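Remarks on the overall topology
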Amino acid sequence: MKPTISAWMDGECDEQGRPHDPARTVADDELRNAWTTYHLIGDAMRGLPALSPRFTARLLERLEAEPVVLAPQRARVPATRVRRTVLSLAASFAGVALVGWLAFAPLSGRSPDTAPAALASKAPVPPARDTASAVPPAGTTDYMLAHQAYSPGMRLQGIASYARTVSDGNARRGAR
Amino acid sequence: MMRAAATLLCLYAGSVFAQGAPAASEWLARIYRATQTLSYRGTFVYQQDARSETSRIVRLVEGGTDMEKLELLDGAPQDVVRNGDILKWYLPATRTIKVESRGDRRGFPAVLPEQLATLEENYTLSLGELRRIAGFDCQEIVLAPRDRLRYGHRLWADVQSAMLIKAETVDENAAPIEQFTFTQLTLGGVTRDDLRLRYATGGWRIQNAAVTKARLADRGWSVGAALPGFRKVAEVSRRFGDAPPVGQVVYSDGLAAVSVFIDPRPGGEQFRAGLARMGVVHIYTRAVANHIVTVIGEAPAASVQRLANAVEFHAVR
């Protein structure tokens, strides 16, 4: 089983020519540990710094708890060099985590307290070191504002329809 | 919910309008007319999923003046003011003003018959019950979607003035996913002074969308397969802050709209492809030819996803 994990990471099939079944990895503790270990080995070999314990688990908790909003990073948001490094690391992890999250059943129930995370989803954008934040708040809200200018809802409800954009922006806006 | 289900069942069985009462389409025409002619001030509540926001709204239609103001009463203060075709979103927290232009600049009478025809292709209209809301006797109008590419709507309009008092967007189970309701409303008696901002905005940062008409086909972009029931209503180039211009194509079915944004990909930045949801709005993001294509609209996921996947790029020689 574990050789197939290694093969899967290299984009190969097993001896029978079958691609690895991701669902089995998710469901099996041993396979999941193997996945984590092999990636750790790979990162060490590439000289990437180790992340904190339970990084992925905490990232997945936060991703699950977030009111999912996916939009491109807007170029005007400045990022420090440290943040960029952490973000690109997180992106590679999060890319895997996100693919897993969309494709498989959520791994909820394993994580202890999700209540604080759920409350946090309504809070302003977390500080820079929190790499679980998906998007700068202005991104999607700007698209919404641009979109609503053409929406027929404006004809029916007038400016009241903008409550949709404005209130959402308020819910996701962080301190700048 | 039961009432909505019953209403929709009657609709599919073939409802019969009360003799002498205006048909549902005539009610819609009355509502549209009211939005063009009535001045009012009031307080309304916007609800989406578990979230609820209260706002104040003032509208003035008088002589050459066509203005309205939305003032958010919950959370950080914000105002959206429309004067004619110019929309300004005031954000006191960041001392920013975002300037937009309203899309549909054609005169009201010219728009309506065409819009109603498109609407009736995509929704079945029927009348619901009478109900008292915020002190107004209202007639319910139901717009049931003809397919799963759009949501259903329930509207409640004042019997006397046809002012829209409450509006609800419902999913395929007729469950409400978004709601606007006036809790207090006064018709008439509005002056320009009521539309003034309560704070000074000198020295604020102004972000102008600088919208211009565009033909994205000239740059190699096309939408391979149209979304059934949705027609292209706008095609522009615009700016978000200082970033390079973004293309936007808007499709509408008469009641809902979906926008396709085509953004030259910022150098080296990561982005997350896929689907997200904010209440009635779905957003789908994918990369095409070094651009980020974002489709956003108040329609079910299938519509947004389908349109996004139909976007193609063929380099222009």
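Residues numbered from 1 in each chain as written. Chains lettered and ligands numbered in written order. Predicted model: local features only at pLDDT ≥ 70, side-chain atom pairs only at ≥ 80, totals over all residues. Heavy atoms only, no water.

1. Overview of the pairing of strand E8 (residues 136-145) of chain B
Residue and element names in this part refer to chain B.
- Among the ten residues that make up E8, eight are buried, leaving the element largely enclosed by the rest of the structure.
- Bridge count for strand E7 (residues 123-133) against E8 is nine bridges, and the pairing is antiparallel. Each bridged residue has a counterpart across the sheet, and for Leu127 the counterpart in E8 is Ile141.
- Connecting E7 to the antiparallel partner E8 that follows it, the hairpin turn spans two residues, and Ala134 within it adopts a positive phi of roughly 50°.
- In this sheet, strand E9 (residues 152-158) lies alongside E8 in antiparallel orientation, the contact comprising six bridges. Paired with Val142 across the strands is Arg154, a residue of E9. (Buried < 20%, exposed > 50% of the residue type's maximum accessible area, 1.4 Å probe, protein only. Helix = DSSP H or I, 4+ residues; strand = E, 2+ residues; numbered from the N terminus. Pairing = 2+ DSSP bridges.)

2. Brief notes about the environment of A:Met154
- Looking at the secondary structure, you find A:Met154 in helix H8 (residues 153-157).
- With relative accessibility at 7%, the residue A:Met154 sits in the buried group.
- Apart from residues lying up to four places away in sequence, A:Met154 is in contact with A:Gln148, A:Ile159, A:Ser161, A:Tyr162, B:Arg82, B:Leu87 and B:Arg102. (Contact = heavy atoms within 4.5 Å.)

3. Considerations on the confidence of the model for chain B
Residues and elements named next belong to chain B.
- Put simply, chain B has an average pLDDT of 88, and 88% of its residues get 70 or more.
- Least confident of the elements in chain B is helix H1 (residues 2-14), whose mean pLDDT is 57; most confident is E8, at 97.
- Note that residues 12-19 has pLDDT below 50 and, in this model, nine contacts with residues that lie over four places away or in other chains. (pLDDT = per-residue confidence, 0-100.)

4. Focus: the pattern of salt bridges
All names here are of chain B.
- Evaluation of the coordinates by the stated rule reveals 23 salt bridges over all chains.
- Among the ionic pairs, Arg196 bridges to Asp193, the shortest N-O distance being 3.0 Å.
- Where Arg215 meets Asp218, a salt bridge forms, and the shortest distance between an N and an O atom there is 2.9 Å.
- The exposure class of Asp218 is partly exposed, given its relative accessible area of 46%. (Salt bridge = Lys/Arg side-chain N within 4 Å of Asp/Glu carboxyl O.)

5. Digging into the side chain of B:Arg82
- For B:Arg82, the location among the structural elements is in strand E4 (residues 79-83).
- Here B:Asp66 takes part through its side chain, which lies 3.0 Å from a polar atom of the side chain of B:Arg82.
- For B:Arg82, the residues in contact, after removing those within four places along its chain, are A:Met154, A:Ile159, B:Arg59, B:Asp66, B:Met67, B:Glu68, B:Leu87 and B:Arg102. (Polar contact = N/O pair within 3.5 Å; in protein donor to acceptor, adjacent residues only side chain to side chain.)

6. Quick look at the confidence of the model for chain A
Residue and element names in this part refer to chain A.
- Predicted confidence across chain A gives a mean pLDDT of 58, with 34% of residues reaching 70 or more.
- Mean pLDDT across the elements of chain A ranges from a minimum in helix H6 (residues 115-120), with 36, to a maximum in helix H7 (residues 138-148), with 82.
- Across residues 75-138, confidence stays below pLDDT 50; counting only partners more than four residues off in sequence or on other chains, it has 83 contacts.

7. Points about the sheet that holds strand E16 (residues 246-252) of chain B
Residue and element names in this part refer to chain B.
- With antiparallel pairing, seven strands are arranged side by side in an open sheet as E13-E15-E16-E17-E20-E19-E18. In this open sheet, the two edge strands, each paired with only one partner strand, are strand E13 (212-213) and strand E18 (274-278).
- Here E16 pairs with strand E17 (residues 257-264) via six bridges, running antiparallel. Paired with Ser252 across the two strands is Ala257, which belongs to E17.

8. Looking at the packing of aromatic side chains
- A full pass over the atoms with the stated rule returns nine aromatic pairs over all chains.
- On the basis of an interplanar angle of 85° and a centroid distance of 5.3 Å, the ring pair of A:Tyr143 and B:Phe240 is categorised as edge-to-face. Here A:Tyr143, found in helix H7, pairs with B:Phe240, found in the loop between strand E15 (231-238) and E16, and the two come from separate chains.
- Since its relative accessible area comes to 1%, A:Tyr143 is described here as buried.
- You can call B:Phe240 buried: its relative accessible area is 5%.
- For the ring pair B:Tyr46 and B:Phe180, a centre distance of 4.9 Å and an interplane angle of 50° mean the geometry is tilted. With a gap of 134 residues between them, B:Tyr46 in strand E1 (residues 40-48) and B:Phe180 in strand E11 (residues 176-187) connect regions that are remote in the sequence.
- By relative accessible area, which is 5% here, B:Phe180 ends up buried.
- Of note, B:Arg30 hangs over the ring of B:Trp27, and the distance from its end group to the ring centre comes to 4.5 Å.
- Directly above the ring of B:Trp156 sits B:Lys166, whose terminal nitrogen or CZ lies 4.9 Å from the centroid. (Phe/Tyr/Trp six-rings, centres within 6.5 Å; stacked < 30°, edge-to-face > 60°. Lys NZ or Arg CZ within 6 Å of the ring centre and 35° of its normal.)

9. Overview of the nonpolar core
- Ranked by internal contacts, the top residues of the largest apolar core, which has 54 residues, are A:Tyr162, B:Phe44, B:Leu143 and B:Leu155.
- Tallying contributions element by element places helix H2 (residues 24-37) of chain B first for this core, with seven residues.
- When neighbours within four sequence positions are excluded, B:Leu143 is seen to be in contact with B:Leu28, B:Leu119, B:Tyr123, B:Thr124, B:Leu125, B:Gly152, B:His153, B:Leu155 and B:Leu255.
- Core analysis: the next-biggest nonpolar cluster, separate from the first, contains 20 residues, B:Leu227, B:Val258, B:Val260 and B:Ala308 among them. (Core = buried A, V, L, I, M, F, W, Y, C linked by side-chain atoms within 4.5 Å.)

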